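What the coordinates show
Residue-level listing of the chains:
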Amino acid sequence: MSLRSALLSAALVSVTAPAFAAAPANSFNLVGPGGKTIGNAAYTITKDKNGYHVTSKFQYRLGSTVGTENTSGDTRMNTAVAFNEGQFTEDFKVSEEGSFLSGYTQNSTNQIMTSFQPNKTGSSVTVNQIQGGIGLGSHDLPIPKPIFLVVPDFDPASLQLFLTTAMAHPHDDKTYLFIVPAGSNPKGREQPEYVVLQLAPDTLSGTLDGKPVALHHYLLGYHSGKPSDLYVNDAGDLMQADITPLKVSYIRAKFALTSAAAK
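All figures in this text were calculated on a predicted structure; none of them were measured in a lab.

Now for the overall build of the protein. When its secondary structure is counted, the protein shows 2 helices and 17 strands. Burial analysis of the protein (263 residues in total) assigns 45% to the buried set. As displayed, the protein offers around 13,000 Å² of accessible surface, 53% of which is attributable to carbon and sulfur atoms.

What characterises a pair of aromatic rings is the spacing of the ring centres plus the angle enclosed by the ring planes. Taken as a whole and judged by the stated rule, the model has 9 aromatic pairs. With a centroid separation of 6.2 Å and 20° between ring planes, the pair formed by Tyr60 and Phe88 is classed as stacked. A residue pair is termed long-range when its members are at least 10 positions apart, and Tyr60 in strand β3 (residues 51-68) and Phe88 in strand β4 (residues 78-94) qualify at 28 residues. Judged by relative accessible area, Tyr60 falls into the buried class, the value being 3%. Measuring from ring centre to ring centre gives 4.9 Å for Phe162 and Phe178, while their planes differ by 90°; the resulting arrangement is edge-to-face.

The next thing to look at is the environment of Ala157. Inspection of the secondary structure assignment puts Ala157 in helix α2 (residues 156-168). In this structure, the C-alpha to C-alpha distance between Ala157 and Lys57, residues 100 residues apart in sequence, is 8.8 Å. If we ignore the near neighbours within four places in the chain, the residues touching Ala157 are Tyr43, Ile45, Val54, Ser56 and Glu90.

As a further point, take the nonpolar core. Counting 47 residues, the largest nonpolar core has Leu159, Phe162, Leu197, Leu220, Leu230 and Tyr250 as the members making the most contacts within it. Apart from residues no more than four positions distant in its own chain, Leu197 is found in contact with Phe162, Leu163, Ala166, Lys174, Tyr176, Tyr218, Leu219, Leu220 and Leu230. Counting 8 residues, the second largest nonpolar core, distinct from the first, contains Val213, Met239, Ile251 and Phe255.

Bringing the pairing of strand β13 (residues 211-221) into the picture now. Looking at chain direction, strand β11 (residues 191-199) and β13 are connected through 4 bridges and run antiparallel. Considered in β13, the bridge of Leu199 is made with Tyr218. Looking at chain direction, strand β12 (residues 204-208) and β13 are connected through 5 bridges and run antiparallel. When the sheet's bridge partners are listed, Leu208 is paired in β13 with Lys211. Counting the residues in the hairpin turn of β12 and β13 gives 2 residues, including Asp209, whose phi is positive at 55°. Relative to strand β14 (residues 228-232), β13 runs antiparallel, the two sharing 5 bridges.

On a regular strand, each side chain points to the face opposite its neighbour's, so the side chains alternate between the two faces of the sheet. The side-chain alternation of strand β6 (residues 112-118) yields one buried face, formed by Ile112, Thr114, Phe116 and Pro118, and one unburied face, formed by Met113, Ser115 and Gln117. Here β6 folds back onto strand β7 (residues 124-131) in antiparallel fashion, the turn holding 5 residues, of which Gly122 has a positive phi close to 75°.

Scanning the model with the defined rule gives 2 salt bridges in all. Arg61 serves as the salt-bridge partner of Glu85, at 3.3 Å between the closest nitrogen and oxygen. In this pair, Glu85 is assigned in strand β4 and Arg61 in strand β3, connecting sequence segments 24 residues apart. For Glu85, a relative accessible area of 37% corresponds to the partly exposed category.

Now for the side chain of Thr114. Position of Thr114 relative to the elements: it lies in strand β6. A polar contact of 2.9 Å, which involves the side chain of Thr114, links it to the side chain of Gln129. With sequence-adjacent residues up to four places away left out, Thr114 is seen in contact with Gly103, Tyr104, Thr105, Val127, Asn128 and Gln129.

Turning to empty space enclosed by the protein, a few remarks are in order. Per the stated rule, a full pass over the model turns up 2 cavities of 30 Å³ or more. If you add up the space inside the second largest cavity, you get close to 80 Å³. Lining of the second largest cavity is provided by 13 residues; of these, Gly98, Ile147, Leu149, His171 and Tyr176 occupy positions nearest its centre. Only α2 and β10 (175-180) provide two or more residues apiece to the lining of the second largest cavity. A breakdown of the residues in the lining of the second largest cavity according to their chemical character gives 8 nonpolar, 4 polar and 1 charged.

Positive phi, normally seen in glycine, also occurs at Lys174, with a value near 60°. Tracing the backbone shows Lys174 in the loop between α2 and β10. Notably, Asp209 is not glycine yet its phi reads approximately 55°, a positive angle. Residue class for Asp209 comes out exposed when judged on its relative accessible area of 52%.

Criteria and thresholds
Residues numbered from 1 in each chain as written. Predicted model: local features only at pLDDT ≥ 70, side-chain atom pairs only at ≥ 80, totals over all residues. Heavy atoms only, no water. Helix = DSSP H or I, 4+ residues; strand = E, 2+ residues; numbered from the N terminus. Buried < 20%, exposed > 50% of the residue type's maximum accessible area, 1.4 Å probe, protein only. Areas by Shrake-Rupley, 256 points an atom, 1.4 Å probe, with all protein chains shown as cover. Phe/Tyr/Trp six-rings, centres within 6.5 Å; stacked < 30°, edge-to-face > 60°. Contact = heavy atoms within 4.5 Å. Core = buried A, V, L, I, M, F, W, Y, C linked by side-chain atoms within 4.5 Å. Pairing = 2+ DSSP bridges. Salt bridge = Lys/Arg side-chain N within 4 Å of Asp/Glu carboxyl O. Polar contact = N/O pair within 3.5 Å; in protein donor to acceptor, adjacent residues only side chain to side chain. 1 Å grid on protein atoms, 1.4 Å probe; cavity = no way out; pocket = protein on both sides within 12 Å on 5 of 7 lines; lining within 4 Å. Points joined across faces, edges and corners; volume = space filled by probe spheres on them. Nonpolar A, V, L, I, M, F, W, Y, C, P; charged D, E, K, R; others polar.

Just geometry here; none of it tells us what the structure is for.
Right, dumping it as structure tokens:
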């Protein structure tokens, strides 16, 4: 089962997530239902003549209650908590127009590195996985158009990169292409996914380190179901992302949303 499928079917439980030693400027908490912190993230994005370079770390620990067979003869099911966790590093390069050039993610919990390399014609992406120096295999993923971004779950950095390139080079139809990695399952398969980005008409506000912040509210048709809410300041910096299908919010350190969108 892929990470994404597991999340859509499982309820998050309160767990303690490890914290980063330092708090870079772009630091986020990953928050589940009930305001419980399930992880954190930090990233750096730089720009040069070739485009954007993002380096990121994000980690999470979450779980779901599952039933197990009762061998004592009782007809009731035993219950247990199954944990799913990841500690990822990420290194992506993207053109100024928002086209993925190359990059990889590495999950230190299982030592799996996954790299993504588009072919020259932009018709497919080679996805290659290595675990502890041993190749797990590769496959070519056909893509419907050459301009796309790799956007892992639980990763504020890739969403920030998407917002930066989408606002600088908006698509007329407001439709963009994501590839969401299959997560920690080496047998999983990534699938291209179209997303729609729209600016909401409401005016919202928040505070960053106690100071007022004016916000722009975007609706992102991401995964499936109800759109997710992205809150961005005047400079285009992501302040908060409520990823509805995952039931997780990415919240910038020291940021608080003081007026939320009506659901």
